[in-house]
Amino acid sequence: MKSSSTATVPRAATAADRGPRRRIRRQLPSSPWLFAAPGLLIVGIFILYPFVSTLINSFTDKRTLIPGEYVGLDNFRELLHDDMFWIGLRNSTLYIVGVVPALVLLPLLLAMLVQKHIPGITFFRSAFYTPVVASIVVVGLIWVWMLDERGLVNAVLEAVGVGSVGFLSDQWLLLLSAMAVTVWKGLGYYMIIYLAALANVPRELHEAASVDGAGAVRRFFAVTVPAVRSTMVLVAALSSVAAFKVFSEVYLMAGPNGGPAGEDTTLVMLVQRVGTGLTGRVGYASAISVVVFIVTVALMLLVLRADRKEDA
């Protein structure tokens, strides 16, 4: 007797079933490149091409309106005998020494302060961040007006009997004033970075340290600093590169000539001065730019290597 029920035989996949799946597979390899193409195009035009062009020009004697010829390492040899290059290197290095420690520590203390939930703290958070969004040109002009010989700061100093101080006429005071502007403008930016890091620090660590009798200062060094150390390394790397490439603050406060006898010129100011204008030495300015690039990369590698040694 034959059974009325028949076993269901799996049907082989037809071409119609496999067709759409094959089309999807053919599209997948190219899809990521299509999405990345706009970003890659922007990077290529505005970053890679200028970098390669600068590197090539550094080995030529190119000028603004004159095509250059290959001169080998002549531009780099000239740097070794250029007094203004060494002045710019000195000032850029001093800028790192004066700015980076302040931008690593002060924003952390500021973030710990504004992290507390007290009445009116929102106003102070906004006030501390306002210099970040302000135009550097406006900020620089405000500080120039304040530090001028007839400005607000000197008026206060004269009122209390100290006398006028040449903040913008003395070589070292001018450089310190520019550093103060850089620190003041960067506090809010790095404060936000530290706030994100402090939000991930477990409260139980502070409570346990308090139970063990640790005060505020000891909790800061024993709990807070180790918890945000990677963020401190990031801030140190970012602020080091920004400090070495400083331009706007010193240019606005010292003028295009770099202060008295050009003694406050930085490397980036020297690039702008040498490489612009109808007779600008583009090749020589490119060589200085290559040196700036090498130093900034070395700074980042040193900071990262120091962080790895501490981890080990």
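Residues numbered from 1 in each chain as written. Predicted model: local features only at pLDDT ≥ 70, side-chain atom pairs only at ≥ 80, totals over all residues. Heavy atoms only, no water.

A. The arrangement of the overall build of the chain in detail. Looking only at helices and strands, the chain features 14 helices and 0 strands. The 312 residues of the chain split such that 35% are buried. (Helix = DSSP H or I, 4+ residues; strand = E, 2+ residues; numbered from the N terminus. Buried < 20%, exposed > 50% of the residue type's maximum accessible area, 1.4 Å probe, protein only.)

B. Region of the structure containing a nonpolar patch on the surface. Taken together, the side chains of Phe51, Val52, Leu55, Ile56, Phe293, Ile294, Val297, Leu301 and Leu304 define a hydrophobic patch exposed on the protein surface, amounting to about 780 Å² of accessible area. If you tally residues by element for the nonpolar patch, the top one is helix H14 (residues 282-311), at 5 residues. Relative to the assigned elements, Phe293 resides in helix H14. (Patch = residues over 30% accessible without salt bridge, like charges linked within 9 Å, V, L, I, M, F, W, Y side chains within 5 Å. Areas by Shrake-Rupley, 256 points an atom, 1.4 Å probe, with all protein chains shown as cover. Salt bridge = Lys/Arg side-chain N within 4 Å of Asp/Glu carboxyl O.)

C. Inspection of unusual backbone geometry at higher detail. The phi torsion at Ala261 lies on the positive side, around 60°, for a residue other than glycine. By the element assignment, Ala261 lies in the loop between helix H12 (248-254) and helix H13 (267-275). Ala261 sits in the exposed class, given a relative accessible area of 72%.

D. Up close: helix H8 (residues 171-198). For H8, spanning 28 residues, the distance from its first C-alpha to its last is 39 Å, which sits close to the expected 40 Å at 1.5 Å a residue. The sharpest bend along H8 comes to roughly 40°, located at Leu187. In terms of residue burial, H8 counts as a mostly covered element, since 20 of its 28 residues are buried. (Expected span 1.5 Å × (residues − 1). Bend = angle between axes of the 7 residues up to and from the residue.)

E. View of the packing of aromatic side chains. Inspection of the entire model under this criterion finds 9 aromatic pairs. Geometrically, the ring pair formed by Phe123 and Phe124 is edge-to-face, given 5.4 Å between the ring centres and 75° between the ring planes. Under the relative-accessibility criterion, Phe124 is labelled partly exposed at 42%. Grouped by ring-pair contacts, the aromatic residues Phe123, Phe124 and Phe128 constitute a single cluster. Over the aromatic face of Tyr284 sits the side chain of Arg281, whose NZ or CZ is 4.5 Å from the ring centroid. (Phe/Tyr/Trp six-rings, centres within 6.5 Å; stacked < 30°, edge-to-face > 60°. Lys NZ or Arg CZ within 6 Å of the ring centre and 35° of its normal.)

F. Molecular detail of the layout of surface pockets. Roughly 560 Å³ of internal volume is contained in the largest pocket. The wall of the largest pocket is formed by 18 residues, among which Met112, Gln115, Lys116, Arg203 and His206 lie closest to the centre. Elements with a contribution of two residues or more to the lining of the largest pocket: helix H4 (83-114), helix H9 (203-211) and helix H10 (216-227). Counted by class, the lining of the largest pocket contains 11 nonpolar, 4 polar and 3 charged residues. (1 Å grid on protein atoms, 1.4 Å probe; cavity = no way out; pocket = protein on both sides within 12 Å on 5 of 7 lines; lining within 4 Å. Points joined across faces, edges and corners; volume = space filled by probe spheres on them. Nonpolar A, V, L, I, M, F, W, Y, C, P; charged D, E, K, R; others polar.)

G. View of the pattern of salt bridges. Under the defined criterion, the tally for this structure stands at 3 salt bridges. Where Asp74 meets Arg77, a salt bridge forms, and the shortest distance between an N and an O atom there is 2.8 Å. Of this pair, Asp74 and Arg77 both sit in helix H3 (residues 74-80), 3 residues apart, roughly one helical turn. Accessibility expressed as a relative area gives 47% for Arg77, which makes it partly exposed. Arg281 is paired through a salt bridge with Glu78; the nearest N and O atoms lie 2.9 Å apart. One end of the pair, Arg281, is in the loop between H13 and H14; the other, Glu78, is in helix H3, and 203 residues separate them in sequence. Exposure remark for Arg281: the relative accessible area of 27% places this residue in the partly exposed category. By relative accessible area, which is 32% here, Glu78 ends up partly exposed.

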